[in-house]
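Per-entry structural report
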Amino acid sequence: MFALIDCNNFYASCERVFRPDLIGKPVVVLSNNDGCVIARSNEAKACGVPMGAAAFEFEKMFAQHKVNVFSANFALYGDMSQRVMNILSEYTDEMEIYSIDEAFLKLDDCSYKSLKACGVDMQRKVTKWTGVPISVGIAPTKALAKVANKIAKKYQKRTSNVFIINSEERRIKSLKWLTIEDVWGIGRKHAKRLKAINVNNAYEFTLLDDQWVKRNMAIVGLRLKHDLMGIPTLDIDTFGAKKNIATTRSFERNYTELSEVSERVTTFAVSCAEKLRRQKSCCNAIMVFIHTNGHRAELPQYSRNIVVKLPFATNSGIELAQFATKALEKIFKPGYHYKKAGVIVMDFIPENTVQLKMFDNSNPKHIPLMKSIDIINATYGQQKVRLASQDMGRVWKMKQERLSPRYTTNLDDIIMVNA
DNA sequence: TCTGGGGTCCTAGGACCC
DNA sequence: TCTGGGGTCCTAGGACCC
């Protein structure tokens, strides 16, 4: 059996852990630069705040409904996520961390009573130990576990946040309940096409002809169909290492100078290198992209990316920054107002399998250097040690007007209790 | 004024090989 | 009139996820 554990309204719930006065009140969390809504408490959903709402368009509405608005605090969410995952990992040897707030677990014990007890135990333990509420769905396949989780979340009281699909009747009833656009793996495009042929819920989807599904939704759609029928098709991925790593940002204002964008791209490359080292990989290729603000149709638009194959695999921030800035110079065109840039590293190999070449090699001195930088930054705070080509002397600042303290990751921000 | 930042997998088509 | 039949690798783009 597979379990899918999903934190309820994760970012909003994290904010509430340290602000219990906000329980029962509408809470939203904004994206970087306080741009748009990326998480909502149930109360905020009930007020009619849509996902992705542009913050500046909803200011009035927030004030009217007394919505508590937070800037994204990823230091807090990342740390809370780790705590939740640590607890969940005790229930199984096979776990897939699917996203910051979701994990699939393979559970061995198949009797309903013990599975239900197991789910309830998880739910209680995670809520009690971290303060984050979760929902648990358990079923014979991953796609069905997703469905079960939706039901657990929708009917929290009746299910005690745990729902199990363990019979054919339950499977069919659950699938009939789930509208087609809410099925995991069916997005807007496919939902539209399916509705056009009168497939309106997950159950009707499973009745479709294999050939039709394959033709219209490719192998991915067919696998999903089988998984929903209860035939285990999608397997759990316990490996965990990422295949691409990206650091990309919108700027708080438009940049017109190469030097300004270059500074940021350097920082993004250094950040990618850190993430690479954390998963003990080196990359063989790097992509840099820049683009202007697509929301400003009156301004001339420009958008380009460039992929550079590296002469050697590396995870040195210095080397990646050099390759990235060189790549940027190739695609940068003066005269445009740039709003966003990013660095993506690709084509990984484990760092201990890097082949030495005859001429071009990563500078071996960088390995101990990077190790030292990682230790210093871990001890004294992020970005304490930086490259000179990073934003020294100049200030760029994300708009974060409503940032909560880093309660769990910074001693200065630790919570004060007045007794 | 203002509109996020990550990821995955698959497919078709082009370039190139014999 | 008529112009093969395999391969591989790479890339761009689409569709989806959180």
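Residues numbered from 1 in each chain as written. Chains lettered and ligands numbered in written order. Predicted model: local features only at pLDDT ≥ 70, side-chain atom pairs only at ≥ 80, totals over all residues. Heavy atoms only, no water.

**Notes on the protein's contact with DNA strand B**
What counts, and what does not: Near residues are defined by distance, with any heavy atom within 4 Å of the molecule or strand qualifying the residue. A 3.5 Å cut-off defines polar contacts: any pair of N or O atoms within that distance qualifies, except that in protein one atom must be a possible hydrogen donor and the other a possible acceptor, and neighbouring residues in sequence count only when both atoms are side-chain atoms. Helix and strand definitions here come from DSSP, where helices need a minimum of 4 consecutive H or I residues and strands a minimum of 2 consecutive E residues; each element is numbered from the N-terminal end. Amino acids are sorted into nonpolar (Ala, Val, Leu, Ile, Met, Phe, Trp, Tyr, Cys and Pro), charged (Asp, Glu, Lys and Arg) and polar (every other residue, Gly among them).
Surveying the vicinity of DNA strand B reveals 23 residues, the closest of which are Arg-223, Ala-246, Thr-248, Arg-249 and Arg-296. Among atoms of DNA strand B positioned within 4 Å of the protein, sugar and phosphate together represent 74%. Asn-244 has a polar side-chain atom sitting 3.0 Å from a phosphate oxygen of DNA strand B. Ser-250 is positioned such that a nitrogen or oxygen atom in its backbone is 2.9 Å from a phosphate oxygen of DNA strand B. When residues of the surface near DNA strand B are traced back to their parent elements, those giving at least two are α11 (210–228), β9 (245–255) and β12 (338–350). Tallying contributions element by element places β9 first for the surface near DNA strand B, with six residues. Across the surface near DNA strand B, the residue classes tally to seven nonpolar, eight polar and eight charged.

**Concerning a nonpolar patch on the surface**
Operational definition: Within the patch definition used here, like charges are joined within 9 Å and nonpolar side chains (Val, Leu, Ile, Met, Phe, Trp, Tyr) within 5 Å, considering only residues with over 30% relative accessible area and no salt bridge. The method behind every accessible area is Shrake-Rupley, applied with a 1.4 Å probe, and residues are considered shielded solely by the protein chains displayed. For this analysis, a salt bridge means a side-chain nitrogen from Lys or Arg found within 4 Å of a carboxyl oxygen belonging to Asp or Glu.
A grouping of Ile-376, Tyr-380 and Val-385 is seen on the molecular surface, where their side chains present a nonpolar patch of about 270 Å² in accessible area. Examined against the element boundaries, Ile-376 turns out to sit in helix α14 (residues 366–380).

**Overview of the protein's contact with DNA strand C**
Neighbouring DNA strand C are 13 residues, the closest being Glu-102, Lys-146, Gly-185, Lys-189 and His-190. The protein-proximal atoms of DNA strand C, defined as those within 4 Å of the protein, are 100% sugar or phosphate. Asp-101 places a polar side-chain atom, nitrogen or oxygen, 3.1 Å from a sugar or linking oxygen of DNA strand C. Residue Lys-146 places a side-chain N or O atom 2.9 Å away from a phosphate oxygen belonging to DNA strand C. Contributions of two or more residues to the surface near DNA strand C are made by β5 (95–99) and α9 (188–196). The element best represented in the surface near DNA strand C is α9, accounting for three residues.

**Here's the deal with helix α8 (residues 168–177)**
Definition in use: Classification of residues uses two cut-offs on accessible area relative to the type maximum, computed with a 1.4 Å probe and protein chains only: under 20% is buried, over 50% is exposed, and between them is partly exposed. The arc in question is the one traced by the directions running from the helix axis out to the C-beta atoms. Contacts are assigned to residue pairs with any non-hydrogen atoms lying within 4.5 Å of each other.
Listed in full, the buried residues belonging to α8 are Arg-171, Ser-174 and Leu-175. Projection of α8 onto a plane perpendicular to its axis shows the buried side chains occupying an angular sector of 95°, all on one side. Exposed residues lying more than 90 degrees from the buried face of α8 are Glu-169 and Lys-173. Those residues of α8 that are buried are in contact with α6 (142–154), β8 (162–164), α10 (202–206) and α11.

**Thoughts on the nonpolar core**
For the record, the criterion: To qualify as a nonpolar core, a set must consist of buried Ala, Val, Leu, Ile, Met, Phe, Trp, Tyr and Cys residues joined through side-chain atoms within 4.5 Å.
One finds Ile-5, Phe-10, Tyr-77, Leu-88, Leu-105 and Met-122 to be the most contacted residues of the largest nonpolar core, which totals 37 residues. Elements supplying a minimum of two residues to this core: β1 (2–7), α1 (10–17), β2 (27–30), α4 (74–89), β6 (102–106), α5 (112–130), β7 (134–139) and β8. The element contributing the most residues to this core is α4, with seven residues. If sequence neighbours within four positions are ignored, Met-122 has contacts with Ile-5, Leu-88, Tyr-91, Leu-105, Leu-107, Ile-134 and Val-136. Counting residues in hydrophobic clusters, the runner-up holds 35 residues, among them Val-261, Ala-324, Ala-341 and Phe-348.

**Let's talk about the packing of aromatic side chains**
The condition that has to hold: Here a Phe, Tyr or Trp ring, Trp counted by its six-membered ring, pairs with any other such ring whose centre lies within 6.5 Å, and the pair is stacked when the planes are under 30 degrees apart, edge-to-face when over 60, and tilted otherwise. Sitting over a ring, as applied to charges here, requires NZ of Lys or CZ of Arg to be within 6 Å of the ring centre and within 35 degrees of the ring normal.
For the structure shown, the criterion picks out 16 aromatic pairs. Judged by centre distance (5.7 Å) and plane angle (85°), the ring pair of Phe-74 and Tyr-77 falls under edge-to-face. With Phe-74 and Tyr-77 both in helix α4, this residue pair falls three residues apart, about one helical turn. By relative accessible area, which is 39% here, Phe-74 ends up partly exposed. Ring geometry for Tyr-98 against Phe-104: centres 5.6 Å apart, planes inclined by 75°, an arrangement best described as edge-to-face. Residue classification places Tyr-98 among the partly exposed residues on the basis of a relative accessible area of 37%. An aromatic cluster is present here, built from Phe-10, Tyr-11, Phe-74 and Tyr-77 joined pairwise through their rings. Above the plane of the ring of Phe-104 lies Lys-142, whose end atom (NZ or CZ) is 4.6 Å from the centre. Sitting over the ring of Tyr-203, Lys-176 keeps its end group 4.9 Å from the ring centre.

**With respect to the pairing of strand β3 (residues 37–40)**
Our working rule: Any two strands with at least two DSSP-identified bridges between them are counted as paired.
Note: β2 against β3, three bridges, orientation antiparallel. Looking at β3, one finds that Leu-30 is bridged to Val-37. Between β2 and β3, which pair antiparallel in sequence order, lie six residues; one of them, Asn-33, sits at a positive phi of approximately 60°.

**A few points about the sheet that holds β12**
Using the following cut-off: Orientation is described by axes fitted as lines to C-alpha atoms, over the contacting stretch for helices, and by angles from 0 to 180 degrees between their N-to-C directions.
One open sheet accounts for four strands, arranged β9-β12-β10-β11; its pairing is antiparallel. Each end of this open sheet is capped by a strand with a single partner; those strands are β9 and β11 (303–314). Across the sheet, the axes of successive neighbouring strands diverge by a mean angle of 15°, strand direction being ignored. Judged from the 11 bridges that link them, strand β10 (residues 281–292) and β12 form a sheet pairing that is antiparallel.

Geometry only, nothing functional implied.
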